[in-house]
Every structure is written in structure tokens, then in C-alpha cells.
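# Understanding the architecture of this molecule
So you can see what is in the structure, the chains are spelled out below.
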Amino acid sequence: MEGGMMDADALDREEDSRLAPEPMDRRDFLGLSACAAAASALGFGSLGILRLPKPGVLSSPSKKFRVTLPESLLPGQAFVPQGRPVAVYRDDGGVFAISLVCTHLGCVVKPTAEGFECPCHGSRFGPGGLVKRGPAPKALPWLSVKPVAGRSVIVDEGTAVPNGTKAAA
Amino acid sequence: MDNLVRTPMTFWSSLNRSGMPVSDRGRSGFIFSNVFLHLHPARVHRWSLRWPTTWGLGIAALSAFLLTLITGVLLMFYYKPHPAAAYLSIKDIHFVVPTGRFIRNIHRWAANIMVVGVLLHMARVFFTASYRRPREFNWLVGMALLVVTLALSFTGYLLPWDQLAFWAVTIGANIAQSLRELTDAVGMTAFFDPGGLQKLLLLGSDQVGAEALIRFYLMHVMVLPLALAALLAVHFWRIRKDGGLARPADVGSRLPPPEGRVYPVFTEAPQKTYSLAAIVRGKTPAVGNGPENTVPAMPHLMLAEAAVFMLTFAACLALSLFLDAPLKEMANPAVPENPAKAPWYFLGLQELVSHSAFMGGIGIPTVCLVGLALIPFLDREEEGTGLWFGGPGGWRLALASFMFGSAAVLAVETVAINFGWIREWFPGTPQIVITFVNPGTLLTAAYALYSVWTVRRYDSTRAGAIGLFSCFIAGFLILTVIGVHFRGPNWGFFWSPSMWGGH
Ligand code: HEM
Ligand code: FES
């Protein structure tokens, strides 16, 4: 009797030692790996899906356009070409263009005698486009201007130049 | 032949599978053998049926949503999502299509009622402390519903393609981009520009145009409604799994005895309990509790829901008969609407945005949403669950906090309106300073400090939450009123819209 029980204990112990080194059931391990594989596949798949809505080419019209400044344009007076949020100026230093898109949230600002004012949240800019008051975080950008034949220039809304850059006209 | 003659009868009984509900069991069967009704419980607690428990606000929001669904599908018969056609098709709907204006008005008003309903519903869940364990998850589902509801109304706002729509969405998209206020400050926008990416994904371009319109349309008529419907299913299902609506622990002694005309409170002994299916944990009230104080959902809950639906519908119809949905001139990308105002429930935010785009449009809203989401996880108290203004402090604290909140917001706005802000006092102050120190952030900080103080004073997070929530209600209301009524051209301050002058 006694010996028989001892045998059973020994058997148990042997059983334990065979199982003990395995910290995780084989099935659990395979199952978890499968889950991880599926999850990462889904993750990368979703990233791939997100790539589609980000356009590679912008559908908006060309940012470059040509303007002919009227002879009568006085220094300090803004010329706003039809349909473009840009003010073009001519003075003794040359021709320059200032963007009229408010640096706050994108409304079109109005050139006034003292500079520019934004209708949306009341930002005010000085004559050179520097912020005077209101929530706009930075100055109105100056835009690249290239003179072409005659009194015309080509303005590029997409290219900002340092404030104060003027093109000889 | 016999079968053909009997078809109307068999057809009827196949429709009405559980027979006329005469017994309690029949009434339960009426509910759970119908796929649409079975989101309801078979029996509801009498506490849940009291008007003051919910004021029917959740159902009102749901009813408004259903109205927008039906009228929205009708509008889709004529609406064309392209910049060249959108405005004209809305004009057709408004002036030519039979009943078009009426349906469009209902859609507008139902959308407004839905937003109001959701906000009030959230306030009632908050003030009755119904978000507590085990309802934390449903509170989060509710927040997702709030966000989707607001997104629905924002995307819908663009579709008429009029001046209001175009400029409100231009501003909205640039708010998404305003993370640049931060990335510019550390000078990394050139190579890491999450703000620009957000705007690009939203508009599909760098300005509001055809791409943006089709995106907003897709979101508005398909993606967001489906998301809302799925979330609603989870929301309602969770209510049942959480043991019905929250109610006070001593609910039995708070309820008057049932009136004579209610259906028997309980007549048949239960045949089985949920715990038999081994799916219910101990806390769920259905386990170990008899169904005392419950009544069959059919007819009591059904009638209450129908009543709320009819009221919402009636309000919507009445408003739509007399007040037309607005339609301004066609969108003109060269000349902003002045003043350019978003829908009224965003005007509080627009007021904050007029101090700092990033803080007003992203920073503070995010802080608010995270704060709301945390409420049920910070407030682990038990006192006052299911009772209006339950918990330490009660309605007195809510009222005092509302006063404090109003005073604080009026104070900062008065300063900003009369004396301007840092840039006027110290020209040349870097933007990053203004981003972090502006009326909006100061107000948020004041509310947060006040809330910490209430937590200390009452030694209770629930009290702190009541303080904060009441402050934010005050802030939201007052900023919205300022945005709607007191702001005019160039976002200037005007005592009344009649002083705006000609433009
Ligand atoms: C589309 C928006 C929503 C709809 C249609 C809706 C609908 C409902 C309905 C019908 C109920 C039943 C009780 C009642 O009518 O008050 C309910 C309960 C609840 N709702 Fe909403 N809900 C919406 C949004 C929200 C929001 C924004 C929150 C909070 C962030 C929220 C949190 C809850 C919670 C925690 C409950 C359980 C309340 C209790 O047990 O007393 N829900 N909801
Ligand atoms: S867009 Fe110009 S101030 Fe807001």
C-alpha cells in the first residue's frame, strides 16, 4: 500500500517536470501568434487604405498667373487681379505681391489704406503684411514675382519670398 | 385553393407571431420576437419610466435622428454634389420641388434638435450621476455619438455650397491645419506637418472645392450615419446589459405605490433567470433580484417612447412651417461672407478660435473631450447615483459653479473686447506666447483650478466633476451667445445685429 502511493507521487513529480519547463501551452502559443499575425496584417492593411484618400496631385487650378498692371497704379495702391487672393503693388523699388489669404484661418483679407483687415476674426495687418492685432499667427507672405515683356508680371501664389523682395519692373 | 383563401389570415399571423398580447408573457413575446423591438427589455423598472429620470431626452435625440434620415434620403433625390450644381440643386429643392422647402426645413430643424437633444441628454446623464460603474463604457459610447453627431452637422453644413457653407468649412479645415501654430514654433513644419496632413485628408486638396464637396457628401450621407447607427446599437444594448437605467440604491422607498391603471407589476413567477445562461455577473441587478417594481415594456415603455417621438416630430413640423432654412448667395472663394459664422453650436468655439486658432479649435476641445471621458473613471463614488444633482454639494454646488463659470467667462471676454490682447499691448510678442496665454486658455485654467478646489473642499471627485461640468456649461452658453448675437462684421463687438450697418 505505502509503496504504491509513493509510486504515484513519483509519477506526478515526473509528470510535473515534463510540463513545468513549458511556460505556455503549445496551442495557446500558436493561437497567439496567429492573432498577432492577423492584427499586424490588419494594421498594415489599414495604413495602406489610408494612403488612398491622401491625394498625390492637387486638383486646384495652377498657382501661377500673369497680370498686367494698369499704367495709372500709384505706389502703395493695391491691384487685385480678378479671382486671385493676391494684391500686386508697384513703387520705385519695383513690383511686389502680397498674399491676401489670412494666416489665421484662410479668409481673404481686404487691402485698406492702413494695410489689410480680415473680415473673419478681425486680424489687422500693416502695409507690409506684418500682424498688428488679432489672432493671425504670422505675417502675410510675399509672393514670387517675375517680370515678363511689357508691363506684365507672373505671380506665383505657391512660392513665398522673404518680406521686402521686389522685382525690377 | 383553401390555402389561398386562408393566406390573408396566415400572412397576418406570420406577421404577428406572438398573438395579441393579453398576458404578461404575451407582452414580453411582443417585444422579444421582433427584431426592431427586441433592443428593448421585456420589462422596465418603474423608476426608468418617471419623466424626471430622463426627460425623454435620449429618445428625443433618436427621434430627431430618424427624422433626418428620412428627410435626408428625400433630399438625395435632387441634390447633386458638385460645385457647379450643388447650389442650384438646393435652390431647386427650396423653390421648385413640390414640398421641397418643407422637407429641407424639417431636415435642418431635426438636425438642430438632435444636437440640442444630445447635449441635454449628456447633461442629464451627468447630473443624475448615471455614468458610474458599470456604465463607464456606455458613457464613452455616448461621447463617440456626440462626436459623430457634431461631425454630421459640420459635413452637412457644406452641402448647400452657399457663402455660409464655403467660408465656415474653409475656416474649419484651416482649424484642422492649425497644429502648425505649434510645429511652426519649433520650426519643424517643413518635415513634419500633421496639421497640413489633416487638412489635406479632409479637403482632398489645398482649398475647398469639388474634392472637398464629394468627401463631405460621402461622409454626410453614408459613412457617418452608418457609424452612428452602429454606435446606437451598442449604446442601447449596453443599457440593457448594464441593468437598465441607473437608479438610486433605495429606489423601492422612493417610488409611490403603483397606480391602479398600470399593468400588474408582476403576476407570473419567472420561468428562468439570466444567471442560468451563465452570462451575467453578480452586480447585474437581474441576478438574485425578483422583478419587483418592473412593469411590462409593452405598453408602458412603448407609449412613453411614442409620446416623446410625437412631441419631437410636432416641434420639428411647427418650426419648419414657419422658419425657413437659410440659403445665402452662391459660394464665392474670392469674397468671404462677413461675418462668416459657423452653425450656432460651434460659435462658442469660433469665439475661442478668434483668440487662438490652435487652442480654440483643437487644444481646448481636446481637453474638454478627454476630461469628459475621464469623469466615470475618476468618480468612483456611490452616493447619489440616479438622482438629480446626486452627490456631495448637490444643486447648490451646481448653481454656485454655474455662477462662477459665468463670471469668469464674462471677465476674460470683457477684457479682451475692451482692451484687446497681448499683441496690442506688447507688439512683437511671439505667437507661441499668445497660443498658450489667451482668453480661452486662461478660462480653461480657471475652471480647472476651481474644480480642484471643489474636490478639496468636499473631499469628493463627484463634487469636483459637478463644479467643472457646471462651469463648462456656463462657458459654452455665454461664448455661444456672444458668438451668435454680439459678433458682427470683422468679428467686431456689437450690442445688437441691427448695428452691423450696410455691407
Ligand atoms: C446620438 C446621440 C445619442 C442618442 C440617440 C442616445 C440615446 C440614449 C437613450 C434612448 C438612452 C436611454 C435613456 C434616456 O433616454 O436618457 C440613453 C442612455 C444613456 N446615454 Fe445616451 N444617447 C446619445 C448620446 C449620448 C451621449 C453624448 C452620452 C454621454 C457622453 C450618452 C450617455 C448615456 C448613458 C451613460 C446612458 C445610460 C443612462 C442611465 O443608465 O441612466 N449618450 N442614451
Ligand atoms: S481668418 Fe483672418 S482673422 Fe481668422
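Note that this is a predicted model, so its numbers are computed, not measured. (Residues numbered from 1 in each chain as written. Chains lettered and ligands numbered in written order. Predicted model: local features only at pLDDT ≥ 70, side-chain atom pairs only at ≥ 80, totals over all residues. Heavy atoms only, no water.)

### A short note on the domain arrangement of chain B
Residues and elements named next belong to chain B. We note that the domain assignment places domain 1 (1-38), domain 2 (52-248 + 291-337) and domain 3 (347-503) within chain B. Facing 31 residues of domain 2, the contacting portion of domain 3 comprises 37 residues. Contact with domain 3 buries area across many residues of domain 2, yet Phe127, Arg132 and Glu181 alone supply 27% of it, more than any other trio. On the surface where domain 2 and domain 3 come into contact, there are two salt bridges. Across the salt bridge formed by Arg380 and Glu136, the nearest N and O atoms sit 2.9 Å from each other. On the surface where domain 2 and domain 3 come into contact, there are 18 residue pairs in polar contact (both at pLDDT 80 or more). (Domains from an automatic or database assignment. Contact = heavy atoms within 4.5 Å. Buried area = accessible area lost by both parts, 1.4 Å probe. Salt bridge = Lys/Arg side-chain N within 4 Å of Asp/Glu carboxyl O. Polar contact = N/O pair within 3.5 Å; in protein donor to acceptor, adjacent residues only side chain to side chain.)

### Let's talk about helix H21 (residues 461-486) of chain B
The terminal C-alpha atoms of H21(B), which comprises 26 residues, lie 36 Å apart, in line with the 38 Å expected from a rise of 1.5 Å per residue. Structurally, the start of H21(B) carries an N-cap: the backbone nitrogen of B:Arg462 is 3.2 Å from a side-chain oxygen of B:Ser460. (Helix = DSSP H or I, 4+ residues; strand = E, 2+ residues; numbered from the N terminus. Expected span 1.5 Å × (residues − 1).)

### Considering the pairing of strand S1 (residues 64-68) of chain A
Residue and element names in this part refer to chain A. On S1, burial follows the alternation: Phe65 and Val67 on one face are buried, whereas Lys64, Arg66 and Thr68 on the facing-out side are not. Here S1 runs beside strand S9 (residues 152-161); their pairing, made up of five bridges, is antiparallel. Looking at S9, one finds that Lys64 is bridged to Asp156. (Buried < 20%, exposed > 50% of the residue type's maximum accessible area, 1.4 Å probe, protein only. Pairing = 2+ DSSP bridges.)

### Describing the confidence of the model for chain B
Residue and element names in this part refer to chain B. Per-residue confidence for chain B gives a mean pLDDT of 85; residues scoring 70 or more make up 91%. Under a pLDDT of 50 for its full length, residues 267-272 has, in the predicted model, five contacts with residues more than four places off or in other chains. pLDDT under 50 marks residues 274-290. Its contacts with residues more than four places away, or in other chains, come to 14 contacts. (pLDDT = per-residue confidence, 0-100.)

### Digging into the sheet that holds strand S7 (residues 131-133) of chain A
Residue and element names in this part refer to chain A. Strand order in the open sheet formed by four strands is S4-S5-S6-S7, with antiparallel pairing between adjacent strands. Of all the strands in the sheet, just strand S4 (110-112) and S7 have a single pairing partner and so form its edges. Judged from the two bridges that link them, strand S5 (residues 115-117) and strand S6 (residues 124-125) form a sheet pairing that is antiparallel. Of the residues in S6, the one forming a bridge with Phe116 is Phe125.

### Details of unusual backbone geometry
Glycine aside, a negative phi is what most residues show, and trans is what most peptide bonds show. Residues and elements named next belong to chain B. In this structure, Pro134 follows Arg133 across a cis peptide bond, with omega equal to 5°. Relative to the helices and strands, Pro134 is located in the loop between helix H7 (100-127) and helix H8 (136-158). At Ala129, a residue that is not glycine, the phi angle is positive and equals roughly 50°. With respect to the element layout, Ala129 can be found in the loop between H7 and H8. A relative accessible area of 0% means that Ala129 is categorised as buried.

### Looking at the pairing of S9(A)
All names here are of chain A. When strand S8 (residues 142-147) meets S9, the two strands line up antiparallel, connected through six bridges. Looking at the pairing, Pro147 lines up with Val153 of S9. Where S8 folds back on S9, the antiparallel hairpin that results is connected by four residues, among which Gly150 adopts a positive phi of roughly 70°.

### Structural notes on the site of ligand 1
Residues and elements named next belong to chain B. Near ligand 1 there are 24 residues, and of these His121, Arg135, Gly142, His235 and Ala246 occur at the shortest range. In the environment of ligand 1, an oxygen atom lies 3.0 Å from a nitrogen or oxygen atom belonging to the side chain of Arg135. With respect to ligand 1, the backbone of Ala246 contributes an N or O atom lying 2.9 Å from an oxygen atom. Taken together, the elements giving at least two residues each to the shell around ligand 1 come down to helix H5 (57-76), H7, H8 and helix H12 (210-241). (Near = heavy atom within 4 Å.)

### Considerations on the sheet that holds strand S3 (residues 94-99) of chain A
Residues and elements named next belong to chain A. As summarised here, the arrangement of the five strands in space is S1-S9-S8-S3-S2, forming an open sheet in which the pairing is antiparallel. Because the sheet does not close on itself, it has two edges, and the strands there are S1 and strand S2 (86-91). In this sheet, neighbouring strand axes are inclined to one another by 30° on average, regardless of whether the strands run parallel or antiparallel. (Axes fitted to C-alpha atoms, helices over the stretch in contact; angles between N-to-C directions.)

### Overview of the state of the cysteines
All chains considered together, the criterion is met by one disulfide over all chains. Through a disulfide, A:Cys107 is tied to A:Cys120; the S-S separation comes to 1.9 Å. Disulfide A:Cys107-A:Cys120: torsion about the S-S bond near -85°, hence left-handed. Linking A:Cys107 in the loop between S3 and S4 with A:Cys120 in the loop between S5 and S6, this pair joins segments that are 13 residues apart in sequence. Of the residues examined, A:Cys120 reaches a relative accessible area of 0% and is grouped as buried. Free of any disulfide, B:Cys368 has its nearest neighbouring cysteine sulfur in B:Cys471, separated by 12 Å. (Disulfide = S-S within 2.5 Å.)

### Considering the interface of chain B and chain A
The partner chain A presents 28 residues to the 32 residues of chain B that form the contact. Between chain B and chain A the total buried area reaches about 2400 Å² when both faces are included, carbon and sulfur atoms providing 58% of it. Counting across the chain B and chain A interface gives two salt bridges. The residue A:Lys63 makes a salt bridge to B:Asp206 at a minimum N-O spacing of 3.2 Å. For the interface between chain B and chain A, the tally reads five residue pairs in polar contact (both at pLDDT 80 or more). Mapped by element, the contributors of at least two residues to the side of chain B that touches chain A are helix H9 (163-177), helix H10 (180-185), helix H11 (194-203), H12, helix H15 (347-353) and helix H18 (422-425) of chain B. With five residues, H9(B) is the single largest residue contributor to the side of chain B that touches chain A. Across the side of chain B that touches chain A, the residue classes tally to 14 nonpolar, eleven polar and seven charged. (Nonpolar A, V, L, I, M, F, W, Y, C, P; charged D, E, K, R; others polar.)

### A look at the packing of aromatic side chains
All names here are of chain B. Applying the stated rule across the entire model yields 24 aromatic pairs over all chains. Note on Phe127 and Phe469: the rings are 5.4 Å apart at their centroids and 90° apart in plane angle, and the pair reads as edge-to-face. One end of the pair, Phe127, is in helix H7; the other, Phe469, is in helix H21, and 342 residues separate them in sequence. Take Phe127 and Phe469: they sit in the same class, and that class is buried. (Phe/Tyr/Trp six-rings, centres within 6.5 Å; stacked < 30°, edge-to-face > 60°.)

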